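Chain by chain, the residues:
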Amino acid sequence: MSNPRKLLHDNDSRFVNWAGQLSDAEWQQPSLCTEWRNHDVLAHLVVGYRASGTKLGRYLFRHRGSFDRANSALSIDVAHRRSTAALLEEFSTLIRRPRGVGRVFPRRLLLGDHVIHELDIALALNRPPEVTPEALVAVLNTQVRVPNPFVPAAARARGLRLHATDVDWTHGDGTWMVTGGAAQLASVLAGRPWALPHLRGTGVDELRARLASDWSTKPTAR
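Described below are features of the structure shown in this document. (Residues numbered from 1 in each chain as written. Predicted model: local features only at pLDDT ≥ 70, side-chain atom pairs only at ≥ 80, totals over all residues. Heavy atoms only, no water.)

### A closer look at the overall build of the chain
Heads up, the condition is: In this text, helices come from DSSP runs of H or I with a minimum length of four residues, and strands from runs of E with a minimum of two, each type numbered from the N-terminal end. Here the globule rule is a power law, 2.2 Å times the number of residues to the power 0.38, and the radius of gyration is based on C-alpha atoms. Whether two residues are in contact is decided by their heavy atoms: any pair within 4.5 Å suffices. Per-residue and other accessible areas follow the Shrake-Rupley method at a 1.4 Å probe size, with only the shown protein chains counted as cover for residues. A positive count includes Lys and Arg, and a negative count includes Asp and Glu. His and the chain ends are not counted in either. Taken as the charge location is NZ of Lys, CZ of Arg, CG of Asp or CD of Glu.
Of regular secondary structure, the chain possesses 11 helices and three strands. From first element to last, N terminus to C terminus, the chain shows the α and β order α-α-α-α-α-α-α-α-α-β-β-β-α-α. Taken over C-alpha atoms, the radius of gyration comes to 17 Å for the chain, in line with the 17 Å a tight globule of 222 residues would show. With respect to the three principal axes, the spread of C-alpha positions in the chain is 50 × 35 × 35 Å. Across the chain, the fraction of contacts at a sequence separation of at least 24, relative to all contacts at a separation of at least 6, is 67%. If you sum the accessible surface of the chain, you get close to 10600 Å²; carbon and sulfur atoms cover 53% of it. Both charge centroids of the chain, one from 29 positive and one from 21 negative side chains, sit 7 Å from each other.

### A look at the sheet that holds strand β3 (residues 176–180)
Strands pair in a sheet through their backbones, by hydrogen bonds, and they do so in one of two ways: parallel or antiparallel. Just so we agree on the cut-off: In this scheme, strands are said to pair when DSSP sees at least two bridges between them. Only the stretch in contact is used when fitting a helix axis, every axis being a line fitted to C-alpha atoms; angles between N-to-C directions are given from 0 to 180 degrees.
With respect to topology, three strands assemble into an open sheet ordered β2-β1-β3, the strand pairing being mixed. Of all strands in the sheet, those with a lone pairing partner are β2 (169–171) and β3, marking the two edges. Averaged over all pairs of adjacent strands, the angle between strand axes in this sheet comes to 10°, irrespective of strand direction. Note: strand β1 (residues 160–164) against β2, three bridges, orientation antiparallel. From the neighbouring strand, leucine 162 faces β2, where its bridge partner is histidine 171. Running at roughly 5° to β2, helix α8 (residues 133–145) makes contact with β1 and β2 of the sheet.

### Examining unusual backbone geometry
We note that glutamate 35 has phi near 70°; this positive angle belongs to a residue other than glycine. Here glutamate 35 is to be found in the loop between α2 (24–27) and α3 (38–50). Backbone geometry at asparagine 126 places phi at a positive 60°, although glycine is not the residue there. Within the element layout of this structure, asparagine 126 appears in the loop between α7 (107–124) and α8.

### So, the environment of serine 83
With respect to the helices and strands, the residue serine 83 is situated in the loop between α5 (67–81) and α6 (84–96). For serine 83 and asparagine 141, which are 58 residues apart along the polypeptide, the C-alpha to C-alpha distance reads 34 Å.

### Here we look at the pattern of salt bridges
Formally: Any carboxyl oxygen of Asp or Glu that lies within 4 Å of a side-chain nitrogen of Lys or Arg is treated as forming a salt bridge with it. Residue burial is assigned from relative accessible area. The probe radius is 1.4 Å, only protein chains are included, and a residue is buried under 20% of its type maximum, exposed over 50%, and partly exposed in between.
Overall, the coordinates contain 10 salt bridges when judged by the stated rule. Aspartate 40 is the partner of arginine 37 in a salt bridge, and the nearest nitrogen-oxygen pair spans 2.9 Å. For arginine 192, the salt bridge goes to aspartate 120, with nearest N and O atoms at 2.7 Å. Of this pair, arginine 192 sits in the loop between α10 (182–189) and α11 (204–217) while aspartate 120 sits in helix α7, placing them 72 residues apart in sequence. Residue arginine 192 is classed as buried on the basis of its relative accessible area, which comes to 2%. Put simply, Arg50, Arg82 and Glu90 are held in one network by salt bridges that share partners.

### Points about the pairing of β1
Only one face of β1 is buried: it carries Leu160, Leu162 and Ala164, and the other face, with Arg161 and His163, is open. One ladder, built from five bridges, connects β1 with β3; its direction is parallel. By the bridge assignment for β3, leucine 162 is matched with valine 178. Between the antiparallel neighbours β1 and β2 lie four residues.

### Describing the nonpolar core
One recurring pattern in soluble globular proteins is that nonpolar side chains are buried together. We count it as follows: By nonpolar core is meant a set of buried Ala, Val, Leu, Ile, Met, Phe, Trp, Tyr and Cys residues that side-chain atoms within 4.5 Å join together.
Phe91, Leu162, Trp169, Val178, Leu189, Leu199 and Leu207 are the most contacted members of the largest nonpolar core, which totals 68 residues. Contacts of phenylalanine 91, omitting those with residues within four sequence positions, involve Asp12, Phe15, Val16, Leu45, Val46, Tyr49 and His114.

### Quick notes on the environment of arginine 108
Here arginine 108 lies in helix α7. Given a relative accessible area of 47%, arginine 108 falls into the partly exposed group. It is 9.0 Å that separates the C-alpha atoms of arginine 108 and leucine 7, two residues lying 101 residues apart in sequence. When neighbours within four sequence positions are excluded, arginine 108 is seen to be in contact with Pro4 and Thr142.

Structure, rendered in structure tokens:
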């Protein structure tokens, strides 16, 4: 498997080409992220690659220490100021030269963030995901194995037996089985209930309950 840095670079480069094909109307459509249009999701990806600790700190202060609210406000503010074309151009540059938190954030977690947000756009538009199988497998492995303070995917997967039907990936040995496409599994583990109807197995209801419980206490998908 490619190292995380190369896998992230290759995925981001492919994403820019894919995203460049979307229409202006599609960028204004709602994504799978709560309260974010597809254009706002793109702004979030740019923010994640170049926001400074100082700027993040200011937004955290304004929003009383809530990372979710600060993250959402910063992304929406950037989206309001920048066109889609400008954001894509900046993202292309940041792939090679990330700044701020983008220089230090773990590559595995950045790959997961970028892939999930691409799925947020593609699945909301009913477009077939074009993320490579290698990237999807890497994201699924990170979700179930690497603690993430922002996305509790590992907790959602605990005790379940997960099987991707379109790539070579399985996880867990629980009695509750969940099967489906790799993109749909990754999206649900990231907290997006949209893909639940595309999954099958005895564990789907349990997974649905876990997402509902998470949303009742933290109703955002970032």
